[in-house]
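Okay, here's what each chain looks like letter by letter:
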Amino acid sequence: MDSKYNIVGFDLPHRDSDDRLRRILTAALPNQNNFANYPQLNYWDAEFFNLHQVKIFQQSNINEQSAILELANHSLLEESYFIEKAGVGYMAKMVLLAETVEERMLYALFTADEATHLHQISHFLPEMKVTSTDDPFLRLLSEVVESADKTVLLFVLQVVLEGWGLSHYRRLAKECRYPVLAELFSSFLQSESRHHATGTTLFNQITVSTFSETTILDVLAQFLFMVQVGPQSLLAAIEQVKGHLTRSQKIQVLEELDTETHSGTRLQILRSLMGGKSAQSILQNLEERGAFEPLPAHQCV
């Protein structure tokens, strides 16, 4: 398949701001007058990321600290942008895979939710020139969205990741220092809750085949490992500003970030999302693999 037309849509470009089609879109979107383009700010502070506990950050000058925080903030916003971008394509795909009128109608409404979220979050990022990403999580997300297995789609994307997204967006809203953006993330929660509930309801009506379960286990093992190894994006932000970090320096940073607690909390949230009757075999298998155990700092580098 030509990558330009794939479902996830990461490589789809934006039209120019004065393009006629874009003006029609803006007019069609709800609350279009409530958003302007905002300057890049550090919407979340050092304490949000636990950077106030990291010596190399504490000992940096104000410009370096600001640069690290800007990278960390941008990473969060860009991740949200790409997730919502993928969500538009995913929900449109599920319209076509629907097996009842009600299911088709719900997914059509969900597609509009994701399109609205994408429009809104875009205002808090610089004009997006990048139409691809090398982020491991987003690459994995892209692979799953392209899957033809509806069981895999429902469980991984709506039961687990949409459920995780509720917790993630709630925390972003609660700890954001900028009221307009905090309110925006809060406004996502109601629709994301419906997406998650729909996925859970439909998944619980399915008998999971051996093939689907094997695929789900492979995908979730990869995803959970990304959580187990802690906040790698923060390490990358520090290294981008401060220069090369040795292995021992990286271990120290992760220890100061309290990576085991950071990861352990997230892993338990994810585990709780897999507690449904239809997922018992999946949950048991992942537990046997130790997929919900956070890794100590020296195993994360």
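- Per an unreviewed UniProt entry, the recorded name for the chain is Ferritin-like domain-containing protein, and the organism is Nostoc edaphicum CCNP1411.

Focus on the packing of helix α9 (residues 210-228) against helix α12 (residues 259-272)
Working step 1: Viewed as axis vectors pointing N to C, α9 and α12 meet at an angle of 150°, and their least axial separation amounts to 9 Å. Of the possible angle classes, the one that applies to α9 and α12 is roughly antiparallel. Together, Phe223, Leu224, Val227 and Gln228 of α9 and Ser263, Arg266, Leu267 and Leu270 of α12 make up the contact between the two elements.
Working step 2: Class assignment for the residues of the contact of α9 with α12 results in five nonpolar, two polar and one charged.

Describing the packing of aromatic side chains
What characterises a pair of aromatic rings is the spacing of the ring centres plus the angle enclosed by the ring planes.
Working step 1: Per the counting criterion, the structure on display carries 14 aromatic pairs.
Working step 2: Relative to phenylalanine 48, the ring of tryptophan 44 lies with its centre 5.9 Å away and its plane at 35°, an arrangement referred to as tilted.
Working step 3: Ring pairs connect the aromatic residues Tyr43, Trp44, Phe48, Phe49, Phe124, Tyr169, Tyr178, Phe185 and Phe188, which therefore count as one cluster.
Working step 4: Across the ring face of phenylalanine 48, the terminal group of arginine 171 is positioned such that the distance to the ring centre comes to 4.0 Å.

A short note on the nonpolar core
Working step 1: With 89 residues, the main nonpolar core has Trp44, Leu51, Phe155, Leu181 and Met274 as its most contacted residues.
Working step 2: Broken down by element, the residue count for this core peaks at 14 residues, all from helix α7 (residues 150-175).
Working step 3: Sequence-distant contacts of methionine 274, that is, excluding residues within four places in its chain, are made with Phe155, Val160, Leu220, Leu224, Ala279, Gln280, Leu283, Leu286 and Phe292.

Rules used in this analysis
- Residues numbered from 1 in each chain as written.
- Predicted model: local features only at pLDDT ≥ 70, side-chain atom pairs only at ≥ 80, totals over all residues.
- Heavy atoms only, no water.
- Axes fitted to C-alpha atoms, helices over the stretch in contact; angles between N-to-C directions.
- Helix = DSSP H or I, 4+ residues; strand = E, 2+ residues; numbered from the N terminus.
- Parallel < 35°, antiparallel > 145°, perpendicular 65-115°, else oblique.
- Contact = heavy atoms within 4.5 Å.
- Nonpolar A, V, L, I, M, F, W, Y, C, P; charged D, E, K, R; others polar.
- Phe/Tyr/Trp six-rings, centres within 6.5 Å; stacked < 30°, edge-to-face > 60°.
- Lys NZ or Arg CZ within 6 Å of the ring centre and 35° of its normal.
- Core = buried A, V, L, I, M, F, W, Y, C linked by side-chain atoms within 4.5 Å.
- Buried < 20%, exposed > 50% of the residue type's maximum accessible area, 1.4 Å probe, protein only.

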